[in-house]
Amino acid sequence: VKYFFDVATIARISLGRSWKKLGVEQQQQFVETLSELIVATYIDRFDRYDNQRFTIDDSETLKKGMIIKTTIHRGDKELAKLNYYFRDGRVFNVVANGISDLSLRRAEYGSVIKEQGFVVLLQQINNKIQPNPIKSRRIKSTDLSRVSSMLDCGLAPSFLPNYRTTEPLSYLAT
């Protein structure tokens, strides 16, 4: 995950102005918690895998990065359009069917911090992680393989020369 997603950038943008108000330790804690959430989310999605296939539809070069436009299919049915926004070779935003994950995080996290504080936000994120395999059991090599396969999906190695398929999640296995 740390090689495919720019979690530090996602964290900083997700918290908006609140990011600068946090101490370095709190910022690092948030980055680590967000990284765990991303891993748990992808593990959960792969636990529900049912013969979907992933296609790369297009790519677009931007001033500060690129977009890889993809579609998830099951049989002849299109399930979702996913656009991966890259900067400096790593994903910083995923837009699913026109809805930005980063915008949703920013709105949700900003509201929680403003109304209830940073500690409550961390608790809420940890509660989302809790039911997932990353927190409730040791990560198995099959989990790592499934998530790595999703991240590889034929798209990353073709344009990310520094992306290494064996490393993104291997540090999490215990």
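Residues numbered from 1 in each chain as written. Predicted model: local features only at pLDDT ≥ 70, side-chain atom pairs only at ≥ 80, totals over all residues. Heavy atoms only, no water.

1. Examining helix 4 (residues 101-116)
Item 1. For helix 4, with 16 residues, the first-to-last C-alpha span of 22 Å sits near the 22 Å given by 1.5 Å per residue.
Item 2. Within helix 4, burial applies to Leu102, Arg105, Tyr109, Val112 and Ile113. Looking down the long axis of helix 4, one finds its buried residues gathered within 105° of arc, a one-sided arrangement. Facing away from the buried surface of helix 4 by more than 90 degrees, the exposed residues are Leu104, Ala107, Lys114 and Glu115.
Item 3. Residue Ser100 occupies the N-cap position of helix 4, its side-chain oxygen lying 3.3 Å from the main-chain nitrogen of Leu102. (Helix = DSSP H or I, 4+ residues; strand = E, 2+ residues; numbered from the N terminus. Expected span 1.5 Å × (residues − 1). Buried < 20%, exposed > 50% of the residue type's maximum accessible area, 1.4 Å probe, protein only. Arc of directions from axis to C-beta. Polar contact = N/O pair within 3.5 Å; in protein donor to acceptor, adjacent residues only side chain to side chain.)

2. Notes on the sheet that holds strand 1 (residues 52-62)
Item 1. Strand order in the open sheet made by the five strands is 1-2-3-4-5, with antiparallel pairing throughout. Strands with a single pairing partner mark the edges of an open sheet, and in this sheet they are strand 1 and strand 5 (99-100). (Pairing = 2+ DSSP bridges.)

3. Considering the pattern of salt bridges
Item 1. According to the stated counting rule, one finds six salt bridges in the structure shown.
Item 2. A salt bridge links Glu60 to Lys69, with the nearest nitrogen and oxygen atoms 3.1 Å apart.
Item 3. You can call Lys69 partly exposed: its relative accessible area is 25%.
Item 4. Between Glu78 and Lys81 there is a salt bridge whose closest N-O contact spans 3.7 Å.
Item 5. Here the salt bridges share partners, and the residues they tie into one network are Asp57, Glu78 and Lys81. (Salt bridge = Lys/Arg side-chain N within 4 Å of Asp/Glu carboxyl O.)

4. Let's talk about the packing of helix 1 (residues 7-15) against helix 4
Item 1. Packing of helix 1 against helix 4 leaves a shortest axis separation of 7 Å and a crossing angle of 55°. Judged by the inter-axis angle, helix 1 sits oblique to helix 4. For helix 1 against helix 4, the interelement crossing comes out right-handed. Contact residues: helix 1 offers Ile10, Ile13, Ser14 and Leu15, while helix 4 offers Leu102, Arg105, Arg106, Tyr109 and Ile113. (Axes fitted to C-alpha atoms, helices over the stretch in contact; angles between N-to-C directions. Parallel < 35°, antiparallel > 145°, perpendicular 65-115°, else oblique. Left-handed = near helix turned anticlockwise from the far one by under 90°. Contact = heavy atoms within 4.5 Å.)

5. What about the confidence of the model for the protein?
Item 1. Mean pLDDT over the protein: 79, with 72% of residues reaching 70 or higher.
Item 2. Ranking the helices and strands of the protein by mean pLDDT puts helix 1 first, with 97, and helix 8 (residues 156-159) last, with 41.
Item 3. Across residues 133-144 the pLDDT falls below 50, and counting only partners more than four positions away or on other chains, this stretch makes 23 contacts in the model. (pLDDT = per-residue confidence, 0-100.)

6. Let's talk about the pairing of strand 2 (residues 65-74)
Item 1. In this sheet, strand 2 lies alongside strand 1 in antiparallel orientation, the contact comprising 10 bridges. For Phe54, the partnering residue across the bridge sits in strand 2 and is Ile72.
Item 2. What sits between strand 1 and strand 2 in their antiparallel hairpin is a turn of two residues.
Item 3. In this sheet, strand 3 (residues 77-87) lies alongside strand 2 in antiparallel orientation, the contact comprising nine bridges. From the neighbouring strand, Ile67 faces strand 3, where its bridge partner is Tyr85.
Item 4. Counting the residues that bridge the hairpin from strand 2 to strand 3 gives two residues, and of these Gly75 lies at a positive phi of roughly 60°.

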